[in-house]
Amino acid sequence: MFGNQNNVLQYVQAIEMYRLLGAQKVVVYKNGCSKAICQVLDYYVSIGVLEIIPWPIDKYLRTSNVWHQNMNREIQIGYYGQLSSLNDCMYRNMYKSRYVTLNDMDEIILPRHHKTWDEMMKDVENVYPNTAVYLIKHYHYPNNITDPHFQTAFPKNIPGTNILQLIHYEQKKPNVFNNKKMIVNPREVIQLSVHSAYGRIREQFFLPDYIGQIYGTPPPTSREFPPDRHVTAADLSLGEGCLAASSEAGLASVSAGGPLTTKPLVSG
């Protein structure tokens, strides 16, 4: 996380979705963000959901703020040390978690037929037991093509993208590199890149689309967007969790439909 990011709603929705899917802990490498995002992060730290790793790498190295390799000779490390943070996260959690997922905050690994990651991985393990890396295809749900539903599901004073409105995806293009992300067994991987593992002790497996996929929300690159409402299946639970988190973080006091209750969030 770097810059003055202020996409509060999507950050809250992402963390709440991770919790619904069964995440034990969310780890954020923090270089910078807006005051509102800091409030959200502090709240999740206070309830034990989030761990923040301070990442002031630009104080020590000249960094690039773009994802691709920067050819400027003045740059010492690319994209705020993304590769370093990925590998640090894997090794830091090697003996804390059975699996580690590696994705951006605007990306969610969505099971297609399971309610949680744990249920999905148990079934996958039974079929592919000798696997260290599970590769997952990335599907783009453009952030400027919205569905009119759920427009009043969250307080309007919270800035950011409502992922429940993003149900149109870009179809995969043949003969073009399509991004993927990973779920890894951190005890059986040696080195990570953004989209692959350079060294591993066991095999890797490409997760079929009917098992799971990455739900990502970048700008569009094509003109054809079939609908897929899978993410909206969590609308009620996600909405309750987001409203409660926003209230506890001091960002909202009432829901669109009336007083906000502060009942416990869904545990991860």
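This structure is a prediction, so every number in the text was calculated from the model and none was measured.

Asks: Sorry if this is basic, but what is going on with helix 4 (residues 117-127) here?
Replies: The α-helix winds at 3.6 residues per turn, so residues separated by three or four positions along the chain end up facing the same way. Listing the buried residues of helix 4 in full gives Trp117, Met120, Met121, Val124 and Glu125. Buried residues in helix 4, looked at end-on, bunch into an arc of 130°, giving them a common side. Among the exposed residues of helix 4, those pointing more than 90 degrees away from its buried face are Asn126 and Val127. Where helix 4 is buried, its residues meet helix 1 (8-20), strand 4 (107-111), strand 5 (131-140), strand 6 (180-184) and strand 9 (203-207).

Asks: Would you explain helix 3 (residues 82-92) in this entry?
Replies: When we look at burial in helix 3, the residues that qualify are Gln82, Ser85, Leu86, Asn87, Cys89 and Met90. Tucked into the core, helix 3 has its buried residues touching strand 1 (26-30), strand 3 (100-102), strand 6 and strand 7 (189-192).

Asks: I tried to follow the confidence of the model for the chain on my own but got confused; where do I start?
Replies: Note: predicted coordinates in regions of low pLDDT should not be interpreted at a detailed level. For the chain, the mean per-residue pLDDT works out to 78, and 74% of the residues sit at or above 70. Averaged pLDDT values for the elements of the chain fall to 32 in strand 12 (residues 258-259) and rise to 94 in strand 2 (residues 50-54). Below pLDDT 50 for its whole length, residues 253-268 participates in 30 contacts with residues either more than four positions away or in separate chains.

Cut-off values and rules
Residues numbered from 1 in each chain as written. Predicted model: local features only at pLDDT ≥ 70, side-chain atom pairs only at ≥ 80, totals over all residues. Heavy atoms only, no water. Buried < 20%, exposed > 50% of the residue type's maximum accessible area, 1.4 Å probe, protein only. Helix = DSSP H or I, 4+ residues; strand = E, 2+ residues; numbered from the N terminus. Arc of directions from axis to C-beta. Contact = heavy atoms within 4.5 Å. pLDDT = per-residue confidence, 0-100.

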